[in-house]
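Tertiary structure, described
Spelled out, the chains give:
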Amino acid sequence: MESGTGTRAERGTPNVAGAGERTGPAPLLQVENLKTHFFTRWGVVKAVDGVSFSLREGETLGLVGESGSGKSVTCLSILRLVPKPAGRIVGGQILFEGRDLLSLGEREMRKYRGRQISMILQDPLTTLNPVFTIGAQVREPLRIHRLVERDSVKQRVLELLRLVRIPAAESRLENYPHQFSGGMRQRVVGAAAIACQPKLLIADEPTTSLDVTIQAQYLRLLKEIQRRSKLALLFVTHDLGIVAKICDRVAVMYAGRIVEEAAVRELFSAPAHPYSQGLLHSLPKLHQRIARLPSIEGTPPLLSNLPPGCPFAPRCPKVMSICREQYPPKTPLTTSHQVVCWAYAKESHATSLAPS
Amino acid sequence: MPQALLQVKNVKKYFPVARGLLFATSGWVKAVDDVSLTVEENETLGLVGESGCGKTTLAKLILLLEDPMAGEVLFRGRNLQELSRGEMRQYRSAVQAVFQDPHSALNPRMRIGEIIGEPLAVNHRLPKKAIQERVAEVMEQVGLDPAYARLYPHEFSGGQRQRIAAARALASNSKAIVLDEPAASLDVSIRGQIINLFKDLQEKLGLSYLLITHDLAVSRHLSHRVAVMYLGKIVELAAADPLYAEPLHPYTKALLSAALPSHPDETREEIDISGEVPSPLDPPSGCRFRTRCPFAIERCAEVEPPLKEVAPGREVACHLYP
């Protein structure tokens, strides 16, 4: 038996090392050209249309965008929970520790959900089942994945509830969700999400329904849990303030695609894409009052009826004629900063075409 | 001194909590507990606080959607409780509201022309033609094409719907508008448009706003003065600039320190207020914030600090500022 596990591990290592040669340590999650479309009566809605990004152990990537930009569908695609039958993943790869999740059968996939990859949703009241006690709901992932011995499950649940700072956890095991405040509910959801010590935690607007001071507490708690267990965190938000506070890298989504990706400081100090620039400028600042808040004119496009070329072109203050015709290529600005915009593509695009 | 348009004086609103078989009242939720404030002509008063602090109840008292248990609400010096029916109608058209969620604030079965014109039809009984003209006028004021008057709410985006709600509030020549989280449901890129719109309308029409929000940054951009509420009480009241530059009450400090940064390098002193807002059913003795306050002293549990003027135009309810 022992030699058996040994060979499996040996077989596993060359793969990881091979990937590592190119990009340093292999990313935990690598999403390649993901396409998730919804087939509706009114046509095909390309909710996610060619999204690529990667995430390393212990890293926090912020996925920023407005409603309808495809950030939530991206998350659901990673867990393969896209609403059926309308939604379908029609292309791309989702590599988790080098394995393509899209090639797995449903039974295999279930071993990942809640165990390797966990998710926290926006509204804890709809995440939690109102007719089960919170003890039962934190216990559920442990029971399903059979990670803990029967008689020590309760101990583990208590440990988790204390970790997310539920006061007097012991006496609250038999309580129901309605007996908790919004902030506490979301912490219970967090406890269930990390119960099986996943490697990747996807948080989809987890603090949007919380008050300012409770939000600050929750973000601190998430960071602490992440540091403790080297969790990779994919944080979906529309709020650039949260990105500034807790993310290492950030990807800005618009109309189903990532338009800019950068280390957080780079994005905030030198946003390249006109959409990112607009978003940052329209963020109301706490410590200065300006006469007029800059804003982006117009509204986000309908995903079922995207214009040809760059979908931001109709709202873009720097629009050129080519923007309306062709989708811009991805242009690297620094090693950690890429932008998808014709304003930056010209020279490098010409040079990249020349040698081939 | 500018005349107070709206004045709230020592207003209280408690809600009974019924329990048990006979639904006997077992306690009271003190949603608004002895609150006084004024909104001057052409001024925005920001009312900031977390959920459950009573800010929306206070707005409802002003909008006559709730009756106060004690205290009075005055409009241009007249107590609302003493208005005749005709005067009441005038008040209702003078003080309007824009709510957080324009999806539920607009009747999906009415054309937006009817929605915007409804206050005129109800409160002013104007002829159809005059209503149509006024609707076209206010639609232009909020940046909507009057040709859209025939469409239904679902045909508009969130930002446009908020413009429709603003047009309805303006239609009856209102003097004051209660803005209840007017930008909270909107996308970031749209939020600025709406905040600017309300600012422009105020300049052009001399409106007064009572801005209710939990978003300190939004309040920063619209408010001239800010009142901070906690568990049914106002804990700090000051002009916006000094309040944001140097908050005095520990709760205001905590709120500002919990607000999100606008740049990763922006660090501010983090005041960790532990725990959650206590139940308004059974608020702590003395100062209501003391259970979470990092600066609490013995006196805070014994005596409730009154709201006192510590500098001209600057009021704080805290024992740290005697």
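Residues numbered from 1 in each chain as written. Chains lettered and ligands numbered in written order. Predicted model: local features only at pLDDT ≥ 70, side-chain atom pairs only at ≥ 80, totals over all residues. Heavy atoms only, no water.

**Some remarks on the overall build of chain A**
As a reminder of what qualifies: Comment: elements are numbered from the N terminus, with helices defined as DSSP H or I runs of at least four residues and strands as E runs of at least two. To sort residues, take the accessible area from a 1.4 Å probe on protein chains only and compare it with the maximum for the residue type: under 20% means buried, over 50% means exposed, and anything in between is partly exposed. Any two residues whose heavy atoms approach within 4.5 Å at even a single point are treated as in contact. Charge counting treats Lys and Arg as positive and Asp and Glu as negative, with His and both chain ends excluded. Every charge is mapped onto a representative atom, which is NZ of Lys, CZ of Arg, CG of Asp or CD of Glu.
Of regular secondary structure, chain A possesses 13 helices and 12 strands. In terms of overall dimensions, chain A has C-alpha extents of about 70 × 60 × 45 Å along its principal axes. Going through the 356 residues of chain A one by one, you find that 50% of them count as buried. For chain A, restricting intrachain contacts to residue pairs at least 6 apart in sequence, the fraction spanning at least 24 positions comes to 62%. Between the centroid of the 46 positive side chains of chain A and the centroid of its 31 negative side chains there is a distance of 3 Å.

**What to know about the overall build of chain B**
Rules: Radius of gyration: over C-alpha atoms. The globule rule applied is 2.2 Å multiplied by the number of residues raised to the 0.38 power.
Scanning chain B from N- to C-terminus turns up 11 helices and 12 strands. The C-alpha radius of gyration computed for chain B amounts to 21 Å, which stays within 12% of the reference 20 Å derived for 322 residues, consistent with globular compactness. Among the 322 residues that make up chain B, the fraction classed as buried is 54%. Across chain B, the fraction of contacts at a sequence separation of at least 24, relative to all contacts at a separation of at least 6, is 63%. Seen as two clouds, the 37 positive and the 40 negative side-chain charges of chain B have centres 7 Å apart.

**A few points about the interface of chain A and chain B**
Definition in use: By definition, the buried area sums, over both parts, the 1.4 Å-probe accessible area that each loses when the two are put together. Only one rule defines a salt bridge in this text: a Lys or Arg side-chain nitrogen within 4 Å of an Asp or Glu carboxyl oxygen.
The interface is formed by 45 residues belonging to chain A together with 42 residues belonging to chain B. Roughly 3,900 Å² is buried in total at the junction of chain A and chain B, and carbon and sulfur atoms are behind 51% of that figure. Broken down residue by residue, the surface that chain A buries against chain B is led by V212(A), L286(A) and R289(A), which jointly contribute 20%. Where chain A touches chain B, the interface holds 2 salt bridges.

**What to know about the environment of V48(B)**
Mapped onto the elements of the fold, V48(B) is located in strand 3 (residues 44–48). If we skip the residues at most four places from it in the chain, V48(B) touches K55(B), T213(B), L216(B), S219(B), V226(B), A227(B), V228(B), M229(B) and L255(B).

**Some thoughts on helix 4 (residues 112–124) of chain B**
Residue and element names in this part refer to chain B. Using the following cut-off: For a helix, the expected span equals 1.5 Å multiplied by the residue count minus one. The angle between axes fitted to the seven-residue stretch ending at a residue and the seven-residue stretch beginning at it gives the bend at that residue.
The first and last C-alpha atoms of helix 4 sit 18 Å apart over 13 residues, in line with the 18 Å expected at 1.5 Å per residue. Of all the bends in helix 4, the largest measures some 40° and sits at E118, one to four residues before the proline P119. Within the sequence span of helix 4, burial applies to I112, G113, I115, I116, G117, P119, L120 and N123. Looking at the buried side of helix 4, the elements it contacts are helix 2 (85–94), strand 6 (95–98), helix 5 (128–141) and helix 6 (158–171). R125 sits one or two residues past helix 4 and shows a positive phi near 50°.

**Describing the pairing of strand 4 (residues 70–75) of chain B**
Residue and element names in this part refer to chain B. Short version of the rule: The pairing criterion for strands is at least two bridges between them, as found by DSSP.
One ladder, built from 5 bridges, connects strand 1 (residues 4–19) with strand 4; its direction is antiparallel. Across the sheet, the residue bridging to L6 is F75, located in strand 4. If you look at the hairpin formed by strand 4 and strand 5 (residues 78–79), you'll find 2 residues sitting between the two strands, and R76 has a positive phi there, around 50°.

**Examining the packing of helix 5 of chain B against helix 6 of chain B**
Residues and elements named next belong to chain B. Rule in force here: Axes, fitted as lines to C-alpha atoms, cover a helix only where it is in contact. Angles between the N-to-C directions of the axes lie from 0 to 180 degrees. If an angle is under 35 degrees, it is roughly parallel; if it is over 145, roughly antiparallel; if it lies from 65 to 115, roughly perpendicular; otherwise it is oblique. For any pair of crossing helices, the crossing counts as left-handed if the nearer helix is rotated counterclockwise from the farther one by less than a right angle, and right-handed if it is rotated clockwise. Gly is placed with the polar residues, together with every amino acid not listed as nonpolar (Ala, Val, Leu, Ile, Met, Phe, Trp, Tyr, Cys and Pro) or charged (Asp, Glu, Lys and Arg).
One way to put it is that helix 5 packs onto helix 6 with a least axis distance of 9 Å and a crossing angle of 130°. What the angle tells us is that helix 5 and helix 6 run oblique. Crossing angle aside, the handedness with which helix 5 passes helix 6 is right-handed. From helix 5, R134, V138 and Q141 reach across to helix 6, where they touch A167, L170 and A171. The residue makeup of the contact of helix 5 with helix 6, split by class, is 4 nonpolar, 1 polar and 1 charged.

**Some words on the packing of helix 6 of chain B against helix 7 (residues 188–205) of chain B**
All names here are of chain B. Here helix 6 crosses helix 7 at 20°, and the two axes come no closer than 10 Å. One element, helix 6, and the other, helix 7, form an angle in the roughly parallel class. At the point where helix 6 passes helix 7, the crossing takes the right-handed sense. Facing G159, Q162, R163, A166 and L170 of helix 6, the residues of helix 7 in contact are I190, Q193, I194, L197, F198, L201 and L205.

**Describing the nonpolar core**
Under the convention used in this document: In this text, buried Ala, Val, Leu, Ile, Met, Phe, Trp, Tyr and Cys residues form a nonpolar core when linked through side-chain atoms within 4.5 Å.
Within the largest apolar cluster, 66 residues are counted, with the highest numbers of intra-cluster contacts made by L161(A), V188(A), F235(A), L240(A), F268(A) and Y275(A). Top contributing element to this core by residue count: helix 9 (residues 212–229) of chain A, with 6 residues. Among all residues touching V188(A), those that are not within four sequence positions of it are L128(A), I134(A), V138(A), L161(A), I166(A) and F180(A). In terms of nonpolar packing, the next biggest core, distinct from the first, is built from 37 residues, L106(B), I131(B), A169(B) and I177(B) among them.

**Quick notes on helix 8 (residues 182–193) of chain A**
Because an α-helix completes one turn every 3.6 residues, residues spaced three or four positions apart along the sequence face the same direction. Residues and elements named next belong to chain A. With 12 residues, helix 8 should reach 16 Å at 1.5 Å per residue; the first-to-last C-alpha distance of 17 Å fits that figure. Summarising burial for helix 8: 11 of the 12 residues are buried, a large majority. When we look at burial in helix 8, the residues that qualify are G183, M184, R185, Q186, R187, V188, V189, G190, A191, A192 and A193.

**Here's the deal with the confidence of the model for chain A**
Residues and elements named next belong to chain A. Note the following rule: The predictor's confidence in any single residue is recorded as pLDDT, a number from 0 to 100.
Residues with a pLDDT of 70 or more make up 90% of chain A, whose mean pLDDT is 87. The least confident element of chain A is helix 1 (residues 2–23), whose mean pLDDT is 40; the most confident is strand 10 (residues 257–263), at 97. This model gives residues 350–356 a pLDDT under 50, and the stretch forms 1 contact once residues within four places in sequence are excluded.

**Some details on a positive patch on the surface**
Residue and element names in this part refer to chain A. We apply this condition: A residue counts toward a patch only above 30% relative accessible area and without a salt bridge, and it is joined to like-charged neighbours within 9 Å or, for Val, Leu, Ile, Met, Phe, Trp and Tyr, to nonpolar neighbours within 5 Å. All accessible-area figures derive from a Shrake-Rupley calculation using a 1.4 Å probe, and residue coverage is judged against the displayed protein chains alone.
A cluster of basic residues, R139, R143, R150 and K154, forms a positive patch at the surface. Along the chain, K154 turns up in helix 6 (residues 153–163). Taking relative accessible area as the criterion, K154 reaches 47% and is therefore assigned partly exposed.

**Topic: the side chain of K13(B)**
Residues and elements named next belong to chain B. Stated formally: Here a polar contact is recorded for every N or O atom pair within 3.5 Å, except that within protein the pair must consist of a potential hydrogen donor and a potential acceptor, and residues adjacent in sequence are included only if both atoms are side-chain atoms.
Within the secondary structure, K13 sits in strand 1. The class for K13 is buried, based on a relative accessible area of 11%. Polar side-chain contacts of K13 include one of 3.0 Å to the backbone oxygen of D67. Residues contacting K13, with those up to four places away along its chain left out, are V29, K30, A31, V32, T57, L61, E66, D67 and M69.

**Some points on the sheet that holds strand 6 (residues 117–120) of chain A**
Residue and element names in this part refer to chain A. Read across the sheet, 8 strands follow the order 6-7-8-3-9-10-12-11 without closing on themselves; strand pairing throughout is mixed. The open sheet has two free edges, formed respectively by strand 6 and strand 11 (330–334), since each of these has just one partner strand. Averaged over all pairs of adjacent strands, the angle between strand axes in this sheet comes to 20°, irrespective of strand direction. In the sheet, strand 9 (residues 249–254) pairs with strand 10 via 6 bridges, with the strands oriented antiparallel. Bridged to V250 within strand 10 is A262. Where helix 9 meets the sheet, its contacts fall on strand 3 (60–64), strand 6, strand 7 (200–204) and strand 8 (232–237), and the angle it forms with strand 8 comes to roughly 155°.

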